[in-house]
Amino acid sequence: FTTPASAQQVITMEPGTSVFDVTADGNIVTGNGPGGAFIWHWRNDPGPTYIGDAWATAISDDGSVIVGNMDDPGTGAQVAGRWTAATGWVSLGGFSQCGSISSAYDVSGDGTQVIGLAWLPGCDAHGFLWTESTGMQTLESVANGINRATAISDDGTRIGGFGQGSFSRTPAYWDSSNLDGNVDDIDDNGEVLGLSQDGDLSVGTFDFGGATPKRAFIRTESGLSGYINIGSLYNDWGGNATDIAEDASIVCGFDVQGLARDAWVWTSEDGIVDMEQFMIDAGVLNPPNFIVCRKMSDDGNVIVGSYDPQAIPFFEGGFIAEVSSDG
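Calculation criteria
- Residues numbered from 1 in each chain as written.
- Predicted model: local features only at pLDDT ≥ 70, side-chain atom pairs only at ≥ 80, totals over all residues.
- Heavy atoms only, no water.
- Patch = residues over 30% accessible without salt bridge, like charges linked within 9 Å, V, L, I, M, F, W, Y side chains within 5 Å.
- Areas by Shrake-Rupley, 256 points an atom, 1.4 Å probe, with all protein chains shown as cover.
- Salt bridge = Lys/Arg side-chain N within 4 Å of Asp/Glu carboxyl O.
- Lys, Arg positive; Asp, Glu negative; His and termini not counted.
- Charge placed at Lys NZ, Arg CZ, Asp CG, Glu CD.
- Helix = DSSP H or I, 4+ residues; strand = E, 2+ residues; numbered from the N terminus.
- Buried < 20%, exposed > 50% of the residue type's maximum accessible area, 1.4 Å probe, protein only.
- Disulfide = S-S within 2.5 Å.
- Phe/Tyr/Trp six-rings, centres within 6.5 Å; stacked < 30°, edge-to-face > 60°.
- Lys NZ or Arg CZ within 6 Å of the ring centre and 35° of its normal.
- Polar contact = N/O pair within 3.5 Å; in protein donor to acceptor, adjacent residues only side chain to side chain.
- Arc of directions from axis to C-beta.
- Contact = heavy atoms within 4.5 Å.
- Pairing = 2+ DSSP bridges.
- Axes fitted to C-alpha atoms, helices over the stretch in contact; angles between N-to-C directions.

Draft legend 1. Seen up close, a negative patch on the surface. A cluster of like negative charges, contributed by D155, D198, D200, E246, D247 and D299, occupies part of the molecular surface. Positionally, D198 belongs in the loop between β18 (190–195) and β19 (202–206). Relative accessible area serves as the criterion here: at 35%, D198 is assigned to the partly exposed category.

If you want it as structure tokens, here you go:
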């Protein structure tokens with residue numbers, strides 16, 4: 001691992017690793033590497049602890065629950081799973097098998113609610129909500145039926161993702177209390193990729209009336225008027241916002257064009273800035289080539305994702321970037 005600076009730091013993991021999520025306080029991360037899924041109390045421990053042959057996608061606020069995907073014990077197909085230190089990986093099940101059975105994408109802050117995609121008979125993809133008391137339930141079918149739940153607010157009240165619109169994916173939202181869902185306009189293209197703690201703010205990618213490629217957005221209220229276009233790093237690349245700080249001052253995300261990706265950070269003062277430049281401005285010397293920003297701590301001070309090691313084509317490595325260790 002790299003040696004951190006005194007006030008700012010970037011920790012890069014070996015090629016073949018990825019960091020997918022970070023706790024609300026920024027102290028614990030989860031991701032995947034040669035040993036499977038891992039958890040890392042990165043401020044205290046010298047390296048990650050591997051927790052089994054699974055693919056981790058999200059972590060609870062206190063780091064006690066990790067969700068992701070594992071091999072189904074009965075069929076060997078991919079199935080959504082939930083990990084705790086006491087239970088290890090436990091399958092969340094599903095409804096049918098269409099190659100895979102189900103996939104977990106996110107978990108509520110307290111670790112009690114898991115959302116994702118599950119296959120129904122006939123290979124019909126539906127978003128799901130899992131709780132220990134109800135098991136896996138399908139969310140209301142929106143737009144043209146096929147949909148996926150991608151993000152859940154920390155308080156567990158709101159869910160975001162996409163439904164199959166008239167032309168492509170369209171942003172979709174659900175209420176976890178009754179599983180009801182809605183889309184703003186079935187003709188709009190985009191999807192929700194992240195939510196704030198209470199779900200009042202969401203981020204993702206949107207076509208803004210036909211813009212090609214799509215642009216990153218912050219959505220502040222219900223309806224199309226609530227979408228704010230924060231753009232993209234390059235005009236001819238698509239912008240994807242993946243997470244937002246609680247005070248809405250920082251958004252992280254990445255641009256994509258074909259197989260190429262480039263990570264960025266948006267601030268309310270400067271707009272979108274390439275993440276390498278953002279970290280240089282913060283005081284980091286020679287940062288790596290950041291390609292994806294996935295998640296942030298609630299204050300936006302710790303950002304995790306993937307960088308390009310460059311020495312090995314088509315490989316990525318995980319990173320943890322701390323903007324300021326003194327707050």
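Draft legend 2. Fine view of the state of the cysteines. Scanning the model with the defined rule gives 1 disulfide in all. The disulfide partner of C98 is C123, and the S-S distance across this bridge is 2.1 Å. An S-S torsion of about 105 degrees defines the bridge between C98 and C123 as right-handed. Of this pair, C98 sits in the loop between β9 (88–91) and β10 (102–107) while C123 sits in the loop between β11 (113–120) and β12 (124–131); the two residues are 25 residues apart in sequence, bridging distant segments of the chain.

Draft legend 3. Fine view of the pattern of salt bridges. Tallied over the entire structure, the rule returns 6 salt bridges. As a salt-bridge pair, E191 and R148 come within 3.4 Å of each other at their nearest N and O atoms. Taken together, the positions of E191 in strand β18 and R148 in strand β14 (residues 147–152) put the pair 43 residues apart, joining distant regions of the chain. As a salt-bridge pair, D184 and R219 come within 3.0 Å of each other at their nearest N and O atoms. Linking D184 in the loop between β17 (181–183) and β18 with R219 in strand β20 (residues 215–219), this pair joins segments that are 35 residues apart in sequence. Classification of D184 as partly exposed rests on a relative accessible area of 25%. For R219, a relative accessible area of 6% gives the class buried. Each of the salt bridges in this network shares a partner with another, and the network as a whole consists of R148, R169 and E191.

Draft legend 4. Seen up close, the packing of aromatic side chains. In total, this model carries 8 aromatic pairs according to the counting rule given. Between the aromatic rings of F38 and Y50, the centroid separation amounts to 5.9 Å while the plane-to-plane angle is 80 degrees, which identifies the pairing as edge-to-face. Within this pair, whereas F38 is found in strand β4 (residues 36–40), its partner Y50 is found in strand β5 (residues 49–50), the two being separated by 12 residues in sequence. With a centroid separation of 4.7 Å and an interplanar angle of 65 degrees, the aromatic rings of F290 and F319 are classed as edge-to-face. Of the two residues, F290 is situated in strand β26 (residues 289–296) and F319 in strand β28 (residues 317–322); the sequence distance between them amounts to 29 residues. For F290, a relative accessible area of 0% corresponds to the buried category. Above the face of the F20 ring, R294 is positioned so that its terminal group lies 4.2 Å from the ring centre.

Draft legend 5. Quick peek at the environment of D155. Relative to the helices and strands, D155 is located in the loop between β14 and β15 (158–164). Given a relative accessible area of 40%, D155 falls into the partly exposed group. One polar contact links D155 to S153, side chain to side chain, over a distance of 2.7 Å. Here the side chain of D155 touches T157 through a polar contact of 2.8 Å, side chain to side chain.

Draft legend 6. Region of interest: helix α1 (residues 275–282). Those residues of α1 lying buried are M275, E276, F278, M279 and A282. The arc that holds every buried residue of α1, seen down its axis, measures 160 degrees, which confines them to one face. Residues of α1 that are buried in the fold lie against β1 (9–15), β24 (260–267), β25 (271–274), β26, β27 (302–308) and β28. At the N-terminal boundary of α1, the capping side chain belongs to D274, with an oxygen 3.1 Å from the backbone nitrogen of E276.

Draft legend 7. Quick peek at the sheet that holds β9. On the basis of which strands lie adjacent, the open sheet formed by 4 strands has the order β6-β7-β8-β9 and antiparallel pairing. Of all strands in the sheet, those with a lone pairing partner are β6 (55–59) and β9, marking the two edges. Across the sheet, the mean angle from the axis of one strand to that of its neighbour is 35 degrees, orientation sign disregarded. Where strand β7 (residues 66–71) and strand β8 (residues 78–84) come together, 6 bridges link them in antiparallel fashion. Considered in β8, the bridge of M70 is made with V79.

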